[in-house]
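# Understanding the architecture of this molecule
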Protein chains: 2
Amino acid sequence: MSEGAREAAVETIQRELTAFARRARATAARLHPELPLVSYTLLAHIHDRAGCSATDLAAHYLLDKSTVSRQLASLEKLGLVERRPDPDDHRVQVVHPTEEGRRVLASTQASRHAAYEERLRDWSAEDLARFAAYLVRYNAAVTPGPPETPRR
Amino acid sequence: MSEGAREAAVETIQRELTAFARRARATAARLHPELPLVSYTLLAHIHDRAGCSATDLAAHYLLDKSTVSRQLASLEKLGLVERRPDPDDHRVQVVHPTEEGRRVLASTQASRHAAYEERLRDWSAEDLARFAAYLVRYNAAVTPGPPETPRR
DNA sequence: CGGTTTCGGTTGTATAGTACAACGGTTTGT
DNA sequence: ACAAACCGTTGTACTATACAACCGAAACCG
């Protein structure tokens with residue numbers, strides 16, 4: 001394979017990933033109008049980590065703490081998360097999903113999953129596995145790294 | 001390969017693409033603070049297609065035409081694109097980059113390309129080609145379809 | 001033709017998401 | 001005990017976005 005081909009592949013990856021990112025918001029809005037993409041991702045992260053601080057979220061998604069603060073206020077208002085002061089450190093608000101939050105998250109994830117299944121219907125299991133592996137490998141190179149709350 | 005493996009691959013694809021989309025804005029802001037992601041993608045598409053209409057852009061990026069209209073007004077104000085009425089159809093504004101627009105786009109693309117090269121440095125040419133092909137295939141299933149300006 | 005419909009685009013209005021800066025309360029380190 | 005670092009909120013401003021109402025041009029149809 002020529003050097004030019006390598007260049008071309010990088011160009012294509014850049015173009016396609018950018019196009020995807022650009023459309024993600026609109027796609028998410030169609031998939032689940034009731035839970036915007038941002039709220040969805042934050043809620044999903046909170047759920048995955050079974051309780052975390054606002055600062056964790058800000059670091060993970062490269063957001064300002066004020067943004068996270070407002071997003072959490074909004075999620076709380078919707079009754080999807082609870083914030084409770086950490087008994088060990090009164091500065092920290094430990095956030096975790098409510099029952100309703102878990103329910104909404106599950107339903108949203110189901111509709112997203114169905115949409116992905118639909119789009120990937122014609123793919124062979126082998127192609128899916130390879131594509132997934134490539135994405136994991138790609139994101140691993142970009143993601144801030146492992147620390148992510150040194151769990152005191 | 002089991003059915004469960006297929007499921008797992010779809011889950012992974014969904015999770016990784018979502019994470020990517022969620023960080024794309026911040027990443028783009030770091031890569032080229034001077035040209036926001038949205039402007040960048042619109043300008044790149046205008047350049048690739050060597051002149052296109054606002055409606056083309058709206059369809060390609062799933063944006064409302066009003067959004068595109070304002071984005072183009074902003075790009076025009078920055079002197080990066082020109083809009084000229086199509087002589088064959090007075091409703092259409094044909095948009096294309098100015099000399100300055102091409103220059104800025106080239107510089108932005110260079111910095112983005114360098115960042116991508118860096119991240120993909122360890123990949124073999126074969127893996128890059130396969131990953132690129134998967135992304136193209138994936139996006140093709142989502143994109144509104146081939147017409148994309150049926151060129152009258 | 002002539003009227004209606006469709007189409008491309010702009011503008012008014014409203015909302016979400018975001019950043020930055022200033023601040024208040026809490027903990028930590030010296 | 002005082003200063004520094006830290007967590008989070010709030011004030012402010014801006015960008016991106018959608019939806020709806022509209023204008024003018026073209027296409028369609030009877």
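The coordinates are above.
Treat the numbers as computed from the prediction; the structure is a model and nothing was measured.

Each value, and the rule that gives it
- Residues numbered from 1 in each chain as written.
- Chains lettered and ligands numbered in written order.
- Predicted model: local features only at pLDDT ≥ 70, side-chain atom pairs only at ≥ 80, totals over all residues.
- Heavy atoms only, no water.
- Near = heavy atom within 4 Å.
- Polar contact = N/O pair within 3.5 Å; in protein donor to acceptor, adjacent residues only side chain to side chain.
- Helix = DSSP H or I, 4+ residues; strand = E, 2+ residues; numbered from the N terminus.
- Axes fitted to C-alpha atoms, helices over the stretch in contact; angles between N-to-C directions.
- Parallel < 35°, antiparallel > 145°, perpendicular 65-115°, else oblique.
- Contact = heavy atoms within 4.5 Å.
- Nonpolar A, V, L, I, M, F, W, Y, C, P; charged D, E, K, R; others polar.
- Buried < 20%, exposed > 50% of the residue type's maximum accessible area, 1.4 Å probe, protein only.
- Buried area = accessible area lost by both parts, 1.4 Å probe.
- Salt bridge = Lys/Arg side-chain N within 4 Å of Asp/Glu carboxyl O.

Turning our eyes to something else, we now look at the protein's contact with DNA strand D. Residues in close proximity to DNA strand D total 25 residues, the closest being T55, S69 and R70 of chain A together with D64 and S66 of chain B. Atoms of DNA strand D within 4 Å of the protein belong to the sugar or the phosphate in 63% of instances, the rest to bases. At a separation of 2.2 Å, a base oxygen of DNA strand D approaches a polar side-chain atom of R70 of chain A. Here a phosphate oxygen of DNA strand D sits 2.7 Å away from a polar atom, N or O, in the side chain of R83 of chain A. Secondary-structure elements contributing two or more residues to the surface near DNA strand D are α1 (3-31), α3 (54-61), α4 (65-77) and β2 (89-97) of chain A together with α4 (65-77) and β2 (89-97) of chain B.

What follows covers the packing of helix α5 (residues 99-119) of chain A against helix α1 (residues 3-31) of chain B. Helix packing for two helices is described by the angle between their axes and how far apart those axes are. Interhelical geometry of α5 of chain A versus α1 of chain B gives an angle of 105° and a closest axis separation of 10 Å. Considering the angle they form, α5 of chain A stands roughly perpendicular to α1 of chain B. Between α5 of chain A and α1 of chain B, the residues in contact are Q109, R112, H113, Y116 and E117 of chain A and R6, E7, V10, E11, I13, Q14, L17 and T18 of chain B, respectively. The residue inventory of the contact of α5 of chain A with α1 of chain B, partitioned by class, reads 4 nonpolar, 4 polar and 5 charged.

Relative to the helices and strands, T12 of chain B is located in helix α1. Taking the relative accessible area as the measure of exposure, T12 of chain B reaches 15% and is therefore buried. In this view, T12 of chain B contacts A132 and V136 of chain A; residues no more than four positions away in its chain are not counted.

Turning our attention to the interface of chain B and chain A. For an interface, size is often stated in terms of accessible area lost upon the parts coming together. Contact residues are listed per partner, giving 57 residues for chain B and 58 residues for chain A. Broken down residue by residue, the surface that chain B buries against chain A is led by R22, R23 and Y134 of chain B, which jointly contribute 13%. Along the contact surface separating chain B from chain A lie 2 salt bridges. Close ionic contact of R137 of chain B with D127 of chain A constitutes a salt bridge, the shortest N to O distance being 3.2 Å. Taken together, chain B and chain A are joined by 29 residue pairs in polar contact (both at pLDDT 80 or more). Those elements that place two or more of their residues in the side of chain B that touches chain A are α1, α2 (37-48), α3 (54-61), α5 (99-119) and α6 (125-142) of chain B. Here the side of chain B that touches chain A gets 19 residues from one element, more than from any other, and that element is α1 of chain B. Looking at the side of chain B that touches chain A residue by residue, the class counts come to 30 nonpolar, 10 polar and 17 charged.

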